[in-house]
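Structural overview
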Amino acid sequence: MLLFLCALVVSAILTLLVVRSNRTHARFSADPDLSGPQKFHARSVPRVGGIGIVGGLVFTAALLWWMRGGEPAHYAVWLLLCGVPAFAAGLAEDVTKRVSAAWRLLATAAAALLGVLLLGATITRTDLWGLDWIASYTLGAAFLAIFTVTGIANAINIIDGFNGLASMCVMMMLLAITYVANQVGDSTIALLALAGAGAVLGFFVWNYPAGLIFLGDGGAYFLGFYLSELSILLLHRNPQVSPLFPLLMAIYPVFETLFSMYRRRVVRGRGVGIPDGVHLHSLIYRRLLRWAVGSRDAAALTRRNSMTAPYLWLLCMLAVAPSVLFWDNSQILGIFILLFGLSYTVLYGMIVRFKAPRWLVLRR
């Protein structure tokens with residue numbers, strides 16, 4: 001708990017400093033575009049929240065090295081070093097607004113490759129037909145790890161659309177990893193996951209509900225990297241954990257990404273990388289929170305923004321909870337993955353056709 005509290009406090013202090021000094025760096029760090037299809041904030045906000053999270057984790061890694069040394073400190077330091085390309089590319093986009101999605105994904109893939117080379121974070125089993133054959137080869141196991149880390153990082157960035165949404169979901173997933181790691185006696189992964197949850201919470205208190213700062217691409221890509229690397233290491237070090245545990249745990253952002261790709265390419269005939277405003281969280285904001293439709297008042301927009309995330313927190317929890325309960329049973333985890341995909345598709349179809357249950361819609 002000491003590491004959790006230290007990560008929380010340092011992250012919260014650094015994030016507060018970024019918020020309070022906004023006037024000095026706003027022309028670089030703030031998001032002045034309020035008109036994009038995925039823009040739902042009422043004023044220009046700094047989007048470099050990843051600085052506080054990474055700072056909190058760097059402090060805890062140094063503290064861990066000073067207090068204990070050994071394997072936990074070794075993994076903490078190397079994990080952060082491996083994550084530098086993902087964080088740096090995302091932060092560069094936050095500041096310059098000129099780094100393309102392709103370059104950010106390439107940098108995240110480079111970070112995952114470093115994880116393979118320096119930490120041995122490869123996927124050697126999947127419990128999925130066809131993929132286990134690929135994972136049986138060294139290059140195949142490395143490829144699956146790089147593909148997974150890059151995909152999860154992009155998925156976390158995609159769901160980062162409202163105050164507290166992505167950060168709370170990542171926090172729940174890190175706590176799930178902490179629990180399972182403790183169940184199998186892997187204190188190293190448990191410590192790193194718990195420290196990550198503390199660092200995210202330090203950012204969360206300034207992001208939700210007021211939206212004083214955003215994760216930005218740097219924060220989102222780094223958290224996606226950190227979350228997926230810990231998941232891979234947990235599986236690699238503990239064969240009793242089902243490889244479907246992290247898939248169900250993170251199925252909300254994963255399925256959101258896959259569904260978005262299908263919607264853009266197949267349904268709308270557009271490129272999969274072109275942003276649109278019809279993600280599930282966007283539809284909830286526009287069609288379920290009806291009480292503030294048409295209002296341009298900053299307070300009303302901020303409140304409406306903050307009321308969107310709890311809908312998705314619940315959706316994420318409906319996947320995280322069974323993943324924790326059945327972390328060692330691939331058959332049950334697979335059933336829940338299928339149930340989630342079906343439930344998401346039905347819910348999306350109901351909302352997009354204005355047929356959502358009345359109890360979900362908030363009116364004046």
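Refer to the structure presented above.
Read on for a plain summary of the structure.

What follows concerns the overall build of the chain. Looking only at helices and strands, the chain has 16 helices and two strands in total. The globule rule puts the C-alpha radius of gyration for 364 residues at 21 Å, and the 20 Å found for the chain is close to it. Across its three principal axes, the chain shows a C-alpha extent of roughly 55 × 50 × 35 Å. By the burial criterion, 56% of the 364 residues in the chain qualify as buried. Here the analysis covers contacts within the chain between residues at least 6 apart in sequence; of these, 74% occur between residues at least 24 apart. When the accessible surface of the chain is summed, it comes to about 16100 Å², and 68% of that surface belongs to carbon and sulfur atoms.

Bringing empty space enclosed by the protein into the picture now. One pass over the structure, following the stated rule, counts three cavities of 30 Å³ or more. Size it by volume and the largest cavity reaches roughly 80 Å³. Looking at the largest cavity, the residues that line it are Leu3, Leu57, Thr60, Ala61, Leu64, Ala76, Leu79, Leu80, Leu191, Leu192, Ala195 and Tyr226. Elements supplying a minimum of two residues to the lining of the largest cavity: helix H3 (50-67), helix H4 (70-82) and helix H10 (187-207). Classifying every residue of the lining of the largest cavity gives eleven nonpolar, one polar and no charged.

Definitions and cut-offs
- Residues numbered from 1 in each chain as written.
- Predicted model: local features only at pLDDT ≥ 70, side-chain atom pairs only at ≥ 80, totals over all residues.
- Heavy atoms only, no water.
- Helix = DSSP H or I, 4+ residues; strand = E, 2+ residues; numbered from the N terminus.
- Rg over C-alpha atoms; globule rule 2.2 N^0.38 Å.
- Buried < 20%, exposed > 50% of the residue type's maximum accessible area, 1.4 Å probe, protein only.
- Contact = heavy atoms within 4.5 Å.
- Areas by Shrake-Rupley, 256 points an atom, 1.4 Å probe, with all protein chains shown as cover.
- 1 Å grid on protein atoms, 1.4 Å probe; cavity = no way out; pocket = protein on both sides within 12 Å on 5 of 7 lines; lining within 4 Å.
- Points joined across faces, edges and corners; volume = space filled by probe spheres on them.
- Nonpolar A, V, L, I, M, F, W, Y, C, P; charged D, E, K, R; others polar.

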